[in-house]
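# Geometric and topological summary
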Amino acid sequence: ILTYPLAPTGSILGLLFALLTLAWVGKTTETELGSKRYALLLLAFVASAGLALTLGGLVFRIRFAMEGGWIPLSALLVYWGLTHRTDRVMLYGILPLTGLWIAILSAVIAFFGSGNPVLGLFALVPCTLAWTLADQGVPGASPRTLANRPTKRELEKENLLRDEEIRRRARR
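All figures in this text were calculated on a predicted structure; none of them were measured in a lab. (Residues numbered from 1 in each chain as written. Predicted model: local features only at pLDDT ≥ 70, side-chain atom pairs only at ≥ 80, totals over all residues. Heavy atoms only, no water.)

### Some words on the packing of helix H3 (residues 70–83) against helix H4 (residues 99–113)
H4 packs onto H3 with a crossing angle of 160 degrees between their chain directions and a minimal axis gap of 7 Å. Compared by their axis directions, H3 and H4 come out roughly antiparallel. The two elements H3 and H4 cross, and the hand of that crossing is left-handed. In this structure, H3 contributes Ser74, Leu77, Val78, Trp80, Gly81 and Leu82 to the contact, and H4 contributes Gly99, Leu100, Ile102, Ala103, Ser106, Ala107 and Ala110. A class-by-class count of the residues in the contact of H3 with H4 yields 9 nonpolar, 4 polar and no charged. (Axes fitted to C-alpha atoms, helices over the stretch in contact; angles between N-to-C directions. Helix = DSSP H or I, 4+ residues; strand = E, 2+ residues; numbered from the N terminus. Parallel < 35°, antiparallel > 145°, perpendicular 65-115°, else oblique. Left-handed = near helix turned anticlockwise from the far one by under 90°. Contact = heavy atoms within 4.5 Å. Nonpolar A, V, L, I, M, F, W, Y, C, P; charged D, E, K, R; others polar.)

Given below as structure tokens:
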């Protein structure tokens, strides 16, 4: 249940994209949460995906192979997208997307990527966990790193007000 993401799947190119995505999203998330909370977050996504898909396969008697880390990676993308809702990212340098759209597309990919519509519902369990943690907050994390952090526009306005206050004090 915990080691399946290490099983090789697909092509070298797929592995490369997974590692690049993990480096991009993982670096930001680890910086915000700290190494310990980030590791626990990844562990929660890996374990919830493994348990949910195993349960779905057993209950509905669907044979499948647990390999590759795309579903936990999708959950990490959902978490990142929701904690960076208004951040704009150029997908493949072409398509501008906000964090919210990245979160939605990642959940859709997790659903359809499972290969079976019934298992697709179970593949959404880690994405739902990610959505909940992004909205409610990771226990012990700084509130500024959560979904309620100020938007870029609010930060710019705050900086302008602070600069204006500094200029006023300098004139006195």
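### With respect to the layout of surface pockets
What the second largest pocket holds in volume is close to 490 Å³. At the level of elements, helix H1 (12–33), H3, strand E1 (88–91) and H4 are the ones that each hand at least two residues to the lining of the second largest pocket. A breakdown of the residues in the lining of the second largest pocket according to their chemical character gives 13 nonpolar, 3 polar and no charged. (1 Å grid on protein atoms, 1.4 Å probe; cavity = no way out; pocket = protein on both sides within 12 Å on 5 of 7 lines; lining within 4 Å. Points joined across faces, edges and corners; volume = space filled by probe spheres on them.)

### Some words on the nonpolar core
Leu41, Phe45, Leu76, Val78 and Tyr79 are the most contacted members of the largest nonpolar core, which has 25 residues in total. Taken together, the elements giving at least two residues each to this core come down to H1, helix H2 (35–59), H3, H4 and helix H5 (117–136). Membership of the second largest hydrophobic core comes to 8 residues, among which are Ala49, Ala52, Leu53 and Ile62. (Core = buried A, V, L, I, M, F, W, Y, C linked by side-chain atoms within 4.5 Å. Buried < 20%, exposed > 50% of the residue type's maximum accessible area, 1.4 Å probe, protein only.)

### Notes on the pattern of salt bridges
Between side chains of opposite charge, a pair can form when the charged atoms approach closely. Within this structure, the stated rule accounts for 4 salt bridges. Its salt-bridge partner being Arg168, residue Glu164 comes within 2.6 Å of it at the nearest N-O pair. Of the two residues, Glu164 and Arg168 are both situated in helix H6 (residues 152–171); the distance of 4 residues between them amounts to about one turn of the helix. By relative accessible area, which is 38% here, Glu164 ends up partly exposed. Of the charged contacts, one joins Glu165 and Arg168 as a salt bridge, the two residues approaching to 3.2 Å between their closest N and O atoms. One end of the pair is Glu165 and the other is Arg168, both in helix H6 and 3 residues apart, which spans about a single turn. The class of Arg168 is partly exposed, set by a relative accessible area of 38%. Look at the salt bridges and you will find they share partners, linking Glu164, Glu165, Arg168 and Arg169 into a network. (Salt bridge = Lys/Arg side-chain N within 4 Å of Asp/Glu carboxyl O.)

### Let's talk about the pairing of E1
Consecutive side chains of a regular strand alternate in pointing toward one face of the sheet and then the other. Summarising the sheet, E1 and strand E2 (residues 95–98) pair through 4 bridges and their orientation is antiparallel. Its bridge partner being in E2, Leu91 is matched across the sheet by Leu95. Hairpin connection of E1 to E2: 3 residues between the antiparallel strands, including Tyr92 at a positive phi of 55 degrees. (Pairing = 2+ DSSP bridges.)

### Description of the side chain of His84
Tracing the backbone shows His84 in the loop between H3 and E1. Overall, the relative accessible area of 4% leaves His84 in the buried class. In this structure the side chain of His84 is engaged in a polar contact, spanning 2.7 Å, whose partner is the side chain of Glu32. (Polar contact = N/O pair within 3.5 Å; in protein donor to acceptor, adjacent residues only side chain to side chain.)

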